[in-house]
Amino acid sequence: MSAVSTPPVTPTPARRDAESTKAAILKAARHLLARHAHGDITLKAVADRAGVSPPLILKYFGNKDTLFARVMSFETDADALLAAPLDDLGAHMVRHVLVSQSEQGADPLLRIVFAPLHGEQGDILRANFRTQVTDRLTARLTGPDAGLRAELAVATLLGLGVMYGIARGTELRAQAVDPLVGRYAPTVQAYLTP
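Since we're looking at a predicted model, the values are computed, not measured.

Caption draft 1: The arrangement of the overall build of the protein in detail. From N to C terminus, the protein includes 10 helices and zero strands. Reading the secondary structure of the protein in the N-to-C direction produces α-α-α-α-α-α-α-α-α-α. Burial status across the protein gives 39% buried among its 194 residues. Taking the intrachain contacts of the protein between residues at least 6 apart in sequence as the baseline, contacts between residues at least 24 apart amount to 67%.

Laid out in structure tokens, this is it:
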């Protein structure tokens, strides 16, 4: 009996998942924006960090300005950050910041810390942060000084993000998320309730 010959199998290239590719591009651009001036960042640098080609970035975002307009928006981050009832919002916000840092390596708010590095784009970053994060939180609060309390709550979260993500506090990073939420959330919640 002769053996049946089969033609060699040529592997088909894996199809790229558009949403995960876009997310990788945005993550790479956020990473670079947090470390370099906007004008110094090239699409090639973003592409290299994301593991894609520059033409793919153009396909999904059109151009560098459109890509960075998305990166400078806090809309999606604010949706996730503020997605809890007011009574539980402090704990939710603290957990969101810590989980974003520990599991995803990115803080949903921390981009604002680097606004001074970005000239005109820094002004856009600040305006977006104000309207998409702080003003939205203010609108949810009741009682006196809602705007001040919202800014204090966000400042408290930014401090946590800086210490955890930028300063990389060894004691802070050695703790599990739940105990940190238990310790830190009451401080944030105190600003949210009149």
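Caption draft 2: Geometry of the packing of helix α1 (residues 18-33) against helix α4 (residues 64-71). At a minimum axis distance of 10 Å, the contact between α1 and α4 shows a crossing angle of 80°. With respect to each other, α1 and α4 are oriented roughly perpendicular. Here Ile-25, Leu-26, Ala-29, Arg-30 and Leu-33 of α1 come into contact with α4, specifically with Leu-67, Phe-68, Arg-70 and Val-71. When grouped by side-chain class, the residues that make up the contact of α1 with α4 number seven nonpolar, no polar and two charged.

Caption draft 3: Structural context of a positive patch on the surface. Together, Lys-27, Arg-35, Arg-49, Arg-168 and Arg-173 make up a region of like positive charge exposed at the surface. Looking at the secondary structure, you find Lys-27 in helix α1. For Lys-27, a relative accessible area of 47% corresponds to the partly exposed category.

Caption draft 4: Structural context of the nonpolar core. Of all hydrophobic cores here, the largest spans 50 residues; its most connected members are Val-46, Ile-57, Leu-67, Phe-68 and Leu-137. The element best represented in this core is helix α8 (residues 146-166), accounting for eight residues. Here Val-46 is in contact with Ile-25, Ala-28, Ala-29, Leu-32, Ile-41, Ile-57, Leu-67 and Phe-68, once residues within four sequence places are set aside.

Caption draft 5: Structural detail: the packing of aromatic side chains. Taken as a whole and assessed by the stated rule, the structure comprises one aromatic pair. Both rings, one in Phe-74 and one in Phe-129, keep their centres 5.1 Å apart while their planes meet at 80°; by these two values the pair is edge-to-face. Taken together, the residues Phe-74 in the loop between α4 and α5 (75-81) and Phe-129 in helix α7 (residues 119-140) connect sequence positions 55 residues apart.

Caption draft 6: Quick look at the confidence of the model for the protein. With 87% of its residues at a pLDDT of at least 70, the protein reaches an overall mean of 85. Ranking the helices and strands of the protein by mean pLDDT puts helix α10 (residues 177-192) first, with 96, and α4 last, with 82.

Caption draft 7: How the structure looks around the pattern of salt bridges. Overall, the coordinates contain six salt bridges when judged by the stated rule. Between Asp-48 and Lys-44 there is a salt bridge whose closest N-O contact spans 2.9 Å. Pair noted here: Asp-48 and Lys-44 are both in helix α2 (residues 43-50), with a separation of four residues, about one helical turn. Salt-bridge contacts for Asp-123 lead to Arg-126; the nearest nitrogen and oxygen are separated by 2.7 Å.

Caption draft 8: Spotlight on α2. Listed in full, the buried residues belonging to α2 are Leu-43, Val-46, Ala-47 and Ala-50. Looking down the long axis of α2, one finds its buried residues gathered within 100° of arc, a one-sided arrangement. Residues Lys-44 and Asp-48 are exposed on α2 and point more than 90 degrees away from its buried face. Where α2 is buried, its residues touch α1, α3 (54-61) and α4.

Caption draft 9: Region of interest: the side chain of Thr-156. Of note, Thr-156 is situated in helix α8. Under the relative-accessibility criterion, Thr-156 is labelled buried at 13%. Apart from residues no more than four positions distant in its own chain, Thr-156 is found in contact with Tyr-184, Thr-187, Val-188 and Tyr-191.

Caption draft 10: Representation of the environment of Val-113. Secondary-structure assignment places Val-113 in the loop between α6 (89-104) and α7. The class for Val-113 is partly exposed, based on a relative accessible area of 34%. Measuring from C-alpha to C-alpha, the distance between Val-113 and Gly-161 comes to 9.9 Å, with 48 residues separating the pair along the chain. Once you skip the residues sitting within four places of it in the chain, Val-113 turns out to touch Leu-158, Val-162 and Ile-166.

Quick notes on the rules
- Along every chain, residues carry numbers that run from 1 in the direction the sequence is written.
- With the structure being a predicted model, the display of local features is reserved for residues of pLDDT at least 70 and the display and counting of side-chain atom pairs for 80 or more, all residues being used for whole-chain, interface and lining totals.
- Each side-chain value is worked out from all heavy atoms of the structure, with water and hydrogens disregarded.
- Secondary structure counts use DSSP, requiring at least four H or I residues in a row for a helix and at least two E residues in a row for a strand, with both numbered from the N terminus.
- For every residue, the accessible area (1.4 Å probe, protein chains only) is compared with the maximum for its type, and the residue is labelled buried under 20%, exposed over 50%, or partly exposed between those bounds.
- Here, residues are in contact when the closest pair of their heavy atoms is within 4.5 Å.
- In this analysis, axes come from line fits to C-alpha atoms, helices being fitted only over the stretch in contact, and the angle between any two N-to-C directions falls in the range 0 to 180 degrees.
- Oblique is the label for every angle not falling under 35 degrees (roughly parallel), over 145 degrees (roughly antiparallel), or within 65 to 115 degrees (roughly perpendicular).
- In this classification, Asp, Glu, Lys and Arg are treated as charged, Ala, Val, Leu, Ile, Met, Phe, Trp, Tyr, Cys and Pro as nonpolar, and every other residue, Gly included, as polar.
- Like-charged residues within 9 Å of one another, or nonpolar side chains (Val, Leu, Ile, Met, Phe, Trp, Tyr) within 5 Å, are grouped into patches, provided each residue has over 30% relative accessible area and no salt bridge.
- Computed by Shrake-Rupley with a 1.4 Å probe, the accessible areas treat only the displayed protein chains as cover when residues are assessed.
- A carboxyl oxygen of Asp or Glu within 4 Å of a side-chain nitrogen of Lys or Arg is what we treat as a salt bridge.
- Charged residues are defined narrowly, with Lys and Arg counted positive, Asp and Glu counted negative, and His plus the chain ends left uncounted.
- Just so you know, the charge point we use is NZ for Lys, CZ for Arg, CG for Asp and CD for Glu.
- Definition used in this section: a nonpolar core is a set of buried Ala, Val, Leu, Ile, Met, Phe, Trp, Tyr and Cys residues joined via side-chain atoms within 4.5 Å.
- Aromatic rings from Phe, Tyr and Trp, taking only the six-membered ring of Trp, are treated as a pair when their centres fall within 6.5 Å; an angle between ring planes under 30 degrees marks them as stacked, one over 60 as edge-to-face, and anything in between as tilted.
- A residue's pLDDT is simply how confident the predictor is in it, with values from 0 to 100.
- Comment: arc refers to directions from the helix axis out to C-beta atoms.

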